[in-house]
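# A closer look at the structure
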Amino acid sequence: MTKSEYRYRLEAADEFPHDPGSAKNYNESMYLNVFDHAQKVGGWFRARSESC
């Protein structure tokens, strides 16, 4: 499979918090990719949430 053949399908439920179940070390993350084409600079961020 070539890179141009990769396909990803996200379901609406993927955009909301998931049930941690009984995991004591559960955490959930959201990844953000940003890029300014004019300035030719970008960044990658990870926001993490932990259950209490």
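We now turn to the structure provided with this report. Keep in mind the model is a prediction, meaning the values are calculated, not measured.

Right, let's get into the overall build of the protein. Along the protein, the regular secondary structure elements total 0 helices and 2 strands. Expressed as a percentage of its 52 residues, the buried residues of the protein come to 2%. Here the contacts in the protein between residues at least 6 apart in sequence split such that 9% fall between residues at least 24 apart. Accessible surface, the protein: about 5,500 Å² in total, of which carbon and sulfur atoms supply 54%.

Turning our attention to unusual backbone geometry. Backbone geometry at lysine 40 places phi at a positive 55 degrees, although glycine is not the residue there. In this structure, lysine 40 sits in the loop between strand S1 (27–36) and strand S2 (41–50). Judged by relative accessible area, which is 70%, lysine 40 ranks as exposed.

Before going further, it helps to spend a moment on the pairing of S2. In this sheet, S2 lies alongside S1 in antiparallel orientation, the contact comprising 10 bridges. Bridged to phenylalanine 35 within S2 is glycine 42. Where S1 folds back on S2, the antiparallel hairpin that results is connected by 4 residues, among which lysine 40 adopts a positive phi of roughly 55 degrees.

Our focus in this paragraph is the side chain of glutamate 28. Residue placement: glutamate 28 occurs in strand S1. Buried charge glutamate 28 goes without a salt bridge, the closest partner of opposite sign being arginine 46 at 10 Å. Only 2.7 Å separates the side chain of glutamate 28 from the side chain of tyrosine 26, close enough to count as a polar contact. Setting aside anything within four residues of it in sequence, one finds glutamate 28 in contact with Phe16, Pro17, His18, Ala47, Arg48 and Ser49.

Thresholds, definitions, all that
- Residues numbered from 1 in each chain as written.
- Predicted model: local features only at pLDDT ≥ 70, side-chain atom pairs only at ≥ 80, totals over all residues.
- Heavy atoms only, no water.
- Helix = DSSP H or I, 4+ residues; strand = E, 2+ residues; numbered from the N terminus.
- Buried < 20%, exposed > 50% of the residue type's maximum accessible area, 1.4 Å probe, protein only.
- Contact = heavy atoms within 4.5 Å.
- Areas by Shrake-Rupley, 256 points an atom, 1.4 Å probe, with all protein chains shown as cover.
- Pairing = 2+ DSSP bridges.
- Lys, Arg positive; Asp, Glu negative; His and termini not counted.
- Salt bridge = Lys/Arg side-chain N within 4 Å of Asp/Glu carboxyl O.
- Polar contact = N/O pair within 3.5 Å; in protein donor to acceptor, adjacent residues only side chain to side chain.

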